[in-house]
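Residues per chain, in single letters:
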Amino acid sequence: MPHTLLIRDAADNPDSIRIAAKFLAAGELVVFPTETVYGLGADATNPDAVRRIFEAKGRPADNPLIVHVPDVESVKRVAAHVPPEALELFRHFSPGPLTVVLERSPSILPEVSAGLSTVAVRIPRHPVALELIRLAGVPVAAPSANLSGKPSPTTFAMAVHAMDGRVAAILDGGDCDMGLESTVVRATGEGFVILRPGLVTAEMIAEATGAKVSYAVHPAETAASPGTRHPHYRPRAKVVITSADELTSIIEGFAGSKVGVLCLAASRENLPAGGNVFVETFEDARHYARRLYAAFADMDAWGAEVVVAQSVEESGAGVALMNRLRRAAEK
Ligand code: TXA
Ligand code: MG
């Protein structure tokens, strides 16, 4: 098992980011914070490094990776062609939690994209991520830094738990601000198609660009972009989704089991708690999204057998949140 360098408070420690960037340029794996979730990075132009990403995660080879670059100029080096409407998206939402699918340049290995002719590109805005990628001087392929199928790490502790001993270094950038993975979008020439909903919402894209925005698969359904057919976002506990009205009866139905409950603060009153029931509350959908995966980790650490999760209205952050909850609850 390789020794992993754990780098606390990387933002205050520029030398450590330089060291991690050298690891990346030398073909090693580095876990780094982004504003969405922690990523497991490697040089997207180095076949051994890319292979090691799939190994470290236990990820199926048919699930393509996102390539991270520091600026729009660099997007042009990893894509064969960047249509004007894609540039417009980058202009509005990057750096930030948005990924755009483009034609792949020959400089990016086919295995990064699971053999597809396209490449998914993102400019993250977390300062540690940006600095790392800029200093590495190579495009950085990075899936979320979880073992395949598990929830993405959104805290340094979760990233260490998932990847210690599997990578050269893990950079601490604090808790992730968004908490859910980036929105994945494709320009069709007649508008945009969302392949994975995120916190850059369909409404935000439509408003910024004036273009038509649709979903590849309605967010209430599952199995959209490649790789989404594999199990995802699942804690060890079984996940059950329920409306606010039915929270109490569903929790009571699991009497005798250790039940974790995720709900909005407004629904907290009168819920059973204590003993076999552990409740975590959120102020609103944004807060619920930000803390969802960390809450799953808390529930697993406590030994929950079931997690009962309150559903939220499917608008704004609620669209991506409900998409991840449904995936987590899939049999
Ligand atoms: O927020 C995020 O996007 C994080 C951080 C680290 O940037 N990354 C992330 O990567 O979530 P990952 O590998 O866990 O998810 C990548 C998603 C998958 O759903 C994959 O199918 C889709 O992006 N994807 C990647 N390349 C694609 C392509 N060429 N065409 C369509 N979908 C693609
Ligand atoms: Mg992932």
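To be clear, the structure that these remarks concern was listed above.
Scope of this entry: the structure provided in the associated data block. Everything quoted here is computed from the prediction, not taken from an experiment. (Residues numbered from 1 in each chain as written. Chains lettered and ligands numbered in written order. Predicted model: local features only at pLDDT ≥ 70, side-chain atom pairs only at ≥ 80, totals over all residues. Heavy atoms only, no water.)

1. A look at the environment of Ser249
Turning to step 1, where the next piece is worked out: Among the secondary structure elements, Ser249 is positioned in helix 8 (residues 247-253).
Turning to step 2, where the next piece is worked out: Accessibility expressed as a relative area gives 45% for Ser249, which makes it partly exposed.
Turning to step 3, where the next piece is worked out: In the structure, Ser249 is positioned 22 residues away from Leu271 in sequence and 9.6 Å away in space, judged by C-alpha atoms. (Helix = DSSP H or I, 4+ residues; strand = E, 2+ residues; numbered from the N terminus. Buried < 20%, exposed > 50% of the residue type's maximum accessible area, 1.4 Å probe, protein only.)

2. So, unusual backbone geometry
Peptide bonds are trans in most cases, and residues, glycine excluded, mostly fall at negative phi.
Turning to step 1, where the next piece is worked out: With an omega of -5°, the peptide bond running from Ser94 to Pro95 counts as cis.
Turning to step 2, where the next piece is worked out: Along the chain, Pro95 turns up in the loop between helix 4 (84-93) and strand 6 (98-104).
Turning to step 3, where the next piece is worked out: One non-glycine residue with positive phi stands out, namely Tyr233, at about 60°.
Turning to step 4, where the next piece is worked out: Within the secondary structure layout, Tyr233 lies in the loop between strand 12 (213-215) and strand 13 (238-242).

3. As for the pattern of salt bridges
Turning to step 1, where the next piece is worked out: In total, this model carries 13 salt bridges according to the counting rule given.
Turning to step 2, where the next piece is worked out: We note a salt bridge from Arg8 to Asp172, for which the minimum N-O separation is 3.1 Å. Taken together, the positions of Arg8 in the loop between strand 1 (5-7) and helix 1 (14-25) and Asp172 in the loop between strand 9 (169-171) and strand 10 (183-187) put the pair 164 residues apart, joining distant regions of the chain.
Turning to step 3, where the next piece is worked out: Take Asp172: its relative accessible area is 4%, and that puts it in the buried class.
Turning to step 4, where the next piece is worked out: Glu73 serves as the salt-bridge partner of Lys76, at 3.3 Å between the closest nitrogen and oxygen. On the criterion of helical spacing, the pair formed by Lys76 and Glu73 is a turn pair, its members being three residues apart in helix 3 (residues 72-78).
Turning to step 5, where the next piece is worked out: For Lys76, a relative accessible area of 41% corresponds to the partly exposed category. (Salt bridge = Lys/Arg side-chain N within 4 Å of Asp/Glu carboxyl O.)

4. Quick word on the pairing of strand 14 (residues 259-264)
Turning to step 1, where the next piece is worked out: With respect to burial, strand 14 is a largely interior element, six of its six residues being buried.
Turning to step 2, where the next piece is worked out: The alternating pattern of strand 14 places Val259, Val261 and Cys263 and Gly260, Leu262 and Leu264 on opposite faces, both of which are buried.
Turning to step 3, where the next piece is worked out: For strand 14 and strand 15 (residues 277-282), the ladder comprises six bridges, and the chain directions are parallel. Each residue of the ladder has a partner; that of Val259, found in strand 15, is Val277. (Pairing = 2+ DSSP bridges.)

5. A word on helix 5 (residues 127-136)
Since the α-helix turns once every 3.6 residues, residues separated by three or four places project in the same direction.
Turning to step 1, where the next piece is worked out: Residues of helix 5 that are buried: Val128, Ala129, Leu132, Ile133 and Ala136. Each buried residue of helix 5 lies within a common arc of 125° when the element is viewed along its axis, so the set occupies one face.
Turning to step 2, where the next piece is worked out: Residues of helix 5 that are buried sit in contact with helix 1, strand 2 (30-32), strand 4 (66-68), strand 8 (140-141) and strand 9. (Arc of directions from axis to C-beta. Contact = heavy atoms within 4.5 Å.)

6. Section: the packing of aromatic side chains
Turning to step 1, where the next piece is worked out: Applying the stated criterion to the full structure yields three aromatic pairs.
Turning to step 2, where the next piece is worked out: Each ring, one from Tyr233 and one from Tyr293, has its centre 6.0 Å from the other, and the planes form 15°; the classification is stacked. Taken as a pair, Tyr233 in the loop between strand 12 and strand 13 and Tyr293 in helix 9 (residues 285-302) lie far apart in primary sequence, 60 residues in all. Like Tyr293, Tyr233 is buried.
Turning to step 3, where the next piece is worked out: Where Phe282 meets Tyr288, the ring centres are 4.6 Å apart and the plane angle is 10°; that geometry is what we call stacked. (Phe/Tyr/Trp six-rings, centres within 6.5 Å; stacked < 30°, edge-to-face > 60°.)

7. Quick notes on helix 1
Turning to step 1, where the next piece is worked out: Over its 12 residues, helix 1 extends 17 Å from the first C-alpha to the last, a length consistent with the 16 Å expected when each residue adds 1.5 Å.
Turning to step 2, where the next piece is worked out: Listed as buried for helix 1 are Ser16, Ile17, Ala20, Ala21 and Leu24. Down the axis of helix 1, the smallest arc covering the buried residues is 145°, so these residues share one side.
Turning to step 3, where the next piece is worked out: Buried residues in helix 1 make contact with strand 1, strand 2, strand 3 (39-43), helix 5, strand 8 and strand 9.
Turning to step 4, where the next piece is worked out: Two residues or fewer past helix 1, Gly27 is found with a positive phi of approximately 90°. (Expected span 1.5 Å × (residues − 1).)

8. Quick word on the packing of helix 9 against helix 10 (residues 317-329)
Turning to step 1, where the next piece is worked out: Where helix 9 meets helix 10, the closest approach of the two axes is 8 Å, and the angle between their N-to-C directions is 25°. With respect to helix 10, the element helix 9 is oriented roughly parallel. Here helix 9 runs over helix 10; the crossing is left-handed. Contact with helix 9, carried on its side by Ala285, Arg286, Tyr288, Ala289, Leu292, Tyr293 and Phe296, involves Ala317, Gly318, Leu321, Arg324, Leu325 and Ala328 of helix 10 and no other residues of that element.
Turning to step 2, where the next piece is worked out: Its residues placed into classes, the contact of helix 9 with helix 10 shows 10 nonpolar, one polar and two charged. (Axes fitted to C-alpha atoms, helices over the stretch in contact; angles between N-to-C directions. Parallel < 35°, antiparallel > 145°, perpendicular 65-115°, else oblique. Left-handed = near helix turned anticlockwise from the far one by under 90°. Nonpolar A, V, L, I, M, F, W, Y, C, P; charged D, E, K, R; others polar.)

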